[in-house]
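# Residue-level structure breakdown
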Amino acid sequence: EVNELLDTEGNKICIFKAPTGSGKTLMMAEFLKRLIDSRIDGKKFSFIWIAVNKLHDQSRNSLKKYYDPLGIGLKCSYFENLDDRKIGENEILFLNWASINKKGNLYVRANERNNNLSNIVVRTKEEGRIVILVIDESHRNAETEKSKELIEDIGPKITIEVSATPQFKGIIRGVEVELKDVKDDEMIKKEIVINPSFENFKLDKKLADKTADEIVVEAGLKKRAELAKLYAAEGSSVNPLMLIQIPDNRQGLINKKDAVIRLLAKYGITTENGRLAIYLSDKASKINLENIEKNENEVEVMIFKQAIAVGWDCPRAAILVLFREWKSIIFSIQTIGRIMRMPEHHHYKSEGLNVGYVYTSLSNIGIAEDIAKEYIT
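For clarity, every value in this text was computed on a predicted model and none was experimentally measured.

### Here's the deal with the packing of aromatic side chains
One pass over the structure, following the stated rule, counts four aromatic pairs. A centroid spacing of 6.1 Å and a plane angle of 20 degrees characterise the contact between Phe 45 and Phe 47, whose relative ring orientation is stacked. For the pair Phe 45 and Phe 47, one class covers both residues: buried. Between Tyr 231 and Tyr 348, the ring centres sit 5.3 Å apart and the planes meet at 90 degrees, which makes this aromatic pair edge-to-face. In this pair, Tyr 231 sits in helix H8 (residues 209–233) while Tyr 348 sits in the loop between helix H11 (333–336) and strand S15 (355–360), placing the two residues 117 residues apart along the sequence.

### Observations regarding the packing of helix H2 (residues 24–37) against helix H3 (residues 55–67)
Between H2 and H3, the shortest axis-to-axis distance is 10 Å and the interhelical angle comes to 55 degrees. In terms of their interaxial angle, H2 and H3 are classed as oblique. Regarding H2 and H3, the two cross each other, and that crossing is right-handed. Facing H2, whose interface residues are Thr 25, Leu 26, Ala 29, Glu 30, Leu 32 and Lys 33, H3 presents Ser 59, Ser 62, Leu 63, Tyr 66 and Tyr 67. In terms of residue class, the contact of H2 with H3 is built from six nonpolar, three polar and two charged.

### Notes on the pattern of salt bridges
For the coordinates displayed, the defined rule picks out 16 salt bridges. Between Glu 127 and Lys 86 there is a salt bridge, and its shortest N-O distance comes to 2.9 Å. Here Glu 127 is found in the loop between helix H5 (117–126) and strand S5 (130–136), whereas its partner Lys 86 is found in the loop between strand S3 (75–77) and strand S4 (91–96), with 41 residues between them in sequence. Across the salt bridge formed by Arg 129 and Glu 127, the nearest N and O atoms sit 3.0 Å from each other. In this structure Glu 127 comes out as partly exposed when scored by relative accessible area, which is 40%. A single salt-bridge network, built from bridges that share partners, covers Asp 7, Arg 39, Asp 41 and Lys 43.

Definitions and cut-offs
Residues numbered from 1 in each chain as written. Predicted model: local features only at pLDDT ≥ 70, side-chain atom pairs only at ≥ 80, totals over all residues. Heavy atoms only, no water. Phe/Tyr/Trp six-rings, centres within 6.5 Å; stacked < 30°, edge-to-face > 60°. Buried < 20%, exposed > 50% of the residue type's maximum accessible area, 1.4 Å probe, protein only. Helix = DSSP H or I, 4+ residues; strand = E, 2+ residues; numbered from the N terminus. Axes fitted to C-alpha atoms, helices over the stretch in contact; angles between N-to-C directions. Parallel < 35°, antiparallel > 145°, perpendicular 65-115°, else oblique. Left-handed = near helix turned anticlockwise from the far one by under 90°. Contact = heavy atoms within 4.5 Å. Nonpolar A, V, L, I, M, F, W, Y, C, P; charged D, E, K, R; others polar. Salt bridge = Lys/Arg side-chain N within 4 Å of Asp/Glu carboxyl O.

Remember that the coordinates give geometry; whether it matters functionally is a separate question.
Structure, rendered in structure tokens:
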């Protein structure tokens, strides 16, 4: 697709749509490698990769890890690594969306060294290189006016939007990876089940929320212990992780964190003994996150909020717990994306390990897009 677009007039957008958990970053890494590898037309490229939050760091590290052992000539750089204030041939400049998306920002404003993004792009193009822009998790940011200006300002020949849920606008070329293929490649779990074995369990509406919370937490912890045994029986060192997602503090919602911490302490899971991690936005609420994504890490439960979920990657996460405070929730591939991955990129003999589990005291659950409907049972 991109090669065809390179030969057309004007600047073009190409969408790369792939399900959460399918390894989009690595597919992009391989795509960029192939794009530069087999050129016989003399075209030369420079790349800009933009992502939200700190994801540009994560992407850069993934790409670097992928390219280095292969000895590939793609260079992964930050702003301060650029030579001669331009992006070299086969060099990828990684930028954080926030750093370029505010008026008067370092990278955008004209500074005395003439070192802003626009000038860097101009110099890069003057050397005859084609600029390709990759916007990661594009559904989060590519639609804003500022970003349209930015894309216009950079003027890339091709913009590749990478997302599980892209916002198609107009007639745009795209490549889509099907969920079924990702499942067949054993990159993600076969399905997600909601409240297994609760079929005959009638949750009394009059029960206090506290009791409802306990029931779902207990069910989740039981399942986690069971999965840990199954992994051990497979000879795997994966320590399955249970995620508890609490609502963002909106009006009328009590801050759930402390209640959940107290509840988990009853089961011997605390931040002090290293079995509980907390990942909330304020600095004081980031605890035991070091190496949490490693398969054998000792953290068993993590409390987090919606805002942090996008792009956060921890393939050993297998269970998601949601409480009644949400009132109602629409399950989308983004919500369950956290527990879709296979930690060792293959399915196991024990089928229980090939499934993701959601436990919730919510009574009404909607399922958003078709793709999630096929996947959630």
